Amino acid sequence: MDTKTLPTLPGVIQKLNTLSDNEKSSVQEMSRIVSSDQVLSARILRLANSPSYGFYRVSTISNAMILLGVNVVKSLALSSSIFAIMEKESVDLWEHSLGVGVASNLIARKLKLPECEEIATAGLLHDIGKVIISLKCSEAEKDIHKLVRERNIYALEAEQEVINTDHTEVGEWLSKSWFLPDKLSEPIACHHDVAKSKNHRIKTAVVHVADVLIKASGFGNSGDSFVPPLQNIAWDTLKLDEQLLAELVDEIEDKLVEVKNFSLEMMSD
Ligand SMILES: [Fe+2]
Ligand SMILES: [Fe+2]
C-alpha cells in the first residue's frame, strides 16, 4: 500500500484535535474553526436541534457547541469526515461502524465509565482499516470477500492471507499518521485481541463487546460471515454478568432503530 496517498484528515479536524488538548481553548475559538466547514456546521446545528437534545432552538454554532459539548462536536466532526471517505458503496460498513459507536457509548454509560464520548468515537472508528483496504486495494478486497465466503473464515484471517496485513494493523498505522490519541488508536489496533491492549484495555474491551453485539444484531455488515465469540478478557475487564449483558442487548436493539434513521438522514446529504 502506498502510504503517501492515504486519505488525509481534513484541516478542520486537525485543528479541532490540537485545540481540544488545550483546556484554555474557548468555545468561541472552536466555533470559528467549525464554522469554516459548511457541511459540518449544518450537521452540528441539525443535531443540536434534534429531539434527543430536547426541543431547543439553536441557531448559532457556539450555542450548539455549548449544548452538545465539545466532545460530541469532535466525534461528529470525525464521523462526518470518515463518512465522506467511506463513500456510498461502503454503506454496510458505515452502518456497522455507526452501530458499534452507539453500542460503545451505551455500554460505557451503563458501566459508568469516564470519557464515554471518546469510547463512542473509538467504536465508530474501530474498523477504519477496512475503509483504507477498500480504498487502496479494491482488487484485493474482492479476493478477501471471496475467501471469507468460500472458506468460512474471519475477514481478519482472509486479510492476512491476501495482503499480509489486516484492518487492525492498517487502522493502527492510519491512526498514527493522523496523530490520533492512544485512547482511540489502541481500541482500533486491539479490538480483535483485547489482551494486546496495554494502556486503554477498558476502552478496547468496550469496543470489542460492542463489535460482537452489533454483529450478532445483524445491523449493518462488517464483512464477516459469522459472529465471533466474546473474549473472556473483555468480559473480566468490564466485570460483565449475564444479567447486565441481557440488559445491554435490549437497550442496543432499541437504540438501533434511531440509528437507522440517523444513518439514512446522513446519506441523504
Ligand atoms: Fe474489526
Ligand atoms: Fe467491526
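Our subject is the structure listed above.
Residues numbered from 1 in each chain as written. Chains lettered and ligands numbered in written order. Predicted model: local features only at pLDDT ≥ 70, side-chain atom pairs only at ≥ 80, totals over all residues. Heavy atoms only, no water.

Draft legend 1. The arrangement of the coordination of the iron ion (ligand 2) in detail. Protein coordination at the iron ion (ligand 2): the donors are H96 (NE2), H126 (NE2), D127 (OD) and D211 (OD), at 2.2 to 2.3 Å from the metal. With four donor atoms in place around the iron ion (ligand 2) and angles of 80 to 173° between them, the coordination shape is irregular. All donors of the iron ion (ligand 2) come from a single chain, and their spacing in sequence reads H-x29-H-D-x83-D. The metal-metal distance between the iron ion (ligand 2) and the iron ion (ligand 1) comes to 3.6 Å, with D127 coordinating both. Here the two residues H126 and D127 agree in accessibility, since each one is buried. (Donors = N, O, S within 2.8 Å, 3.2 Å for Na, K, Ca; no water. Tetrahedral: all angles 85-135°; square planar, octahedral: opposite > 155°, others 65-115°. Buried < 20%, exposed > 50% of the residue type's maximum accessible area, 1.4 Å probe, protein only.)

Draft legend 2. Geometry of the packing of helix α12 (residues 182-190) against helix α13 (residues 201-217). It is at 9 Å that the axes of α12 and α13 come closest, and there the two elements cross at 50°. Between α12 and α13, the angle is such that the two are oblique. In this structure, the crossing between α12 and α13 has a hand that is right-handed. Note on element contacts: α13 touches α12 through R201, K203, T204 and V207, opposite K183, E186, P187 and C190. Of the residues belonging to the contact of α12 with α13, the class tally is three nonpolar, one polar and four charged. (Axes fitted to C-alpha atoms, helices over the stretch in contact; angles between N-to-C directions. Helix = DSSP H or I, 4+ residues; strand = E, 2+ residues; numbered from the N terminus. Parallel < 35°, antiparallel > 145°, perpendicular 65-115°, else oblique. Left-handed = near helix turned anticlockwise from the far one by under 90°. Contact = heavy atoms within 4.5 Å. Nonpolar A, V, L, I, M, F, W, Y, C, P; charged D, E, K, R; others polar.)

Draft legend 3. Region of the structure containing the environment of L180. In this structure, L180 sits in the loop between α11 (167-177) and α12. Assessed through its relative accessible area of 9%, L180 is described here as buried. Note: C-alpha distance between L180 and N17 (163 residues apart in sequence) is 8.2 Å.

Draft legend 4. Seen up close, the packing of helix α9 (residues 138-151) against helix α10 (residues 155-163). Where α9 meets α10, the axes come as close as 9 Å, and the angle between the chain directions of the two elements is 130°. Looking at the two axes, α9 sits oblique to α10. Here α9 and α10 pass one another in a crossing that is right-handed. Where α9 approaches α10, its residues A140, D143, I144, L147, V148 and R151 are matched on the opposing element by A155, A158, E159, E161, V162 and I163.

Draft legend 5. Local environment of the packing of aromatic side chains. This model, assessed by the stated rule, comprises one aromatic pair. The interplanar angle of 40° and the centroid separation of 4.6 Å between the aromatic rings of Y154 and F226 together place this pair among those described as tilted. With a gap of 72 residues between them, Y154 in the loop between α9 and α10 and F226 in the loop between α13 and α14 (232-237) connect regions that are remote in the sequence. By relative accessible area, Y154 is classed as partly exposed at 23%. The partly exposed category is assigned to F226, whose relative accessible area is 32%. (Phe/Tyr/Trp six-rings, centres within 6.5 Å; stacked < 30°, edge-to-face > 60°.)

Draft legend 6. View of the coordination of the iron ion (ligand 1). Taken together, the protein donors to the iron ion (ligand 1) comprise D127 (OD), H167 (NE2), H191 (NE2) and H192 (NE2), at separations of 2.2 Å. Here the iron ion (ligand 1) is ringed by four donor atoms whose angles at the metal span 85 to 173°, and the overall shape comes out irregular. Classification of D127 by relative accessible area gives buried; the value is 1%.

Draft legend 7. Looking closely at the pattern of salt bridges. Under the definition given, this model contains ten salt bridges. Salt-bridge contacts for E115 lead to K183; the nearest nitrogen and oxygen are separated by 2.9 Å. Here E115, found in the loop between α6 (91-110) and α7 (116-125), pairs with K183, found in helix α12; they are 68 residues apart in sequence, far enough to count as distant. Residue classification places E115 among the partly exposed positions, given a relative accessible area of 33%. When salt bridges with common partners are traced through the structure, they connect K110, E247 and E251 into a single cluster. (Salt bridge = Lys/Arg side-chain N within 4 Å of Asp/Glu carboxyl O.)

Draft legend 8. Unusual backbone geometry, seen in detail. For N164, which is not glycine, the phi torsion reads 65° and is therefore positive. The residue N164 is located in the loop between α10 and α11 in this model. Overall, the relative accessible area of 66% leaves N164 in the exposed class. Of note in this structure, K239 is not a glycine but carries a positive phi near 50°. Structurally, the position occupied by K239 is in the loop between α14 and α15 (242-267). A relative accessible area of 68% means that K239 is categorised as exposed.

Draft legend 9. Focus on the environment of L16. Among the structural elements, L16 can be located in helix α1 (residues 11-20). For the pair L16 and M30, spaced 14 residues apart in sequence, the C-alpha separation works out to 6.8 Å. Contact partners of L16, with chain neighbours within four places excluded, come to M30, I33, V34, K74 and A77.

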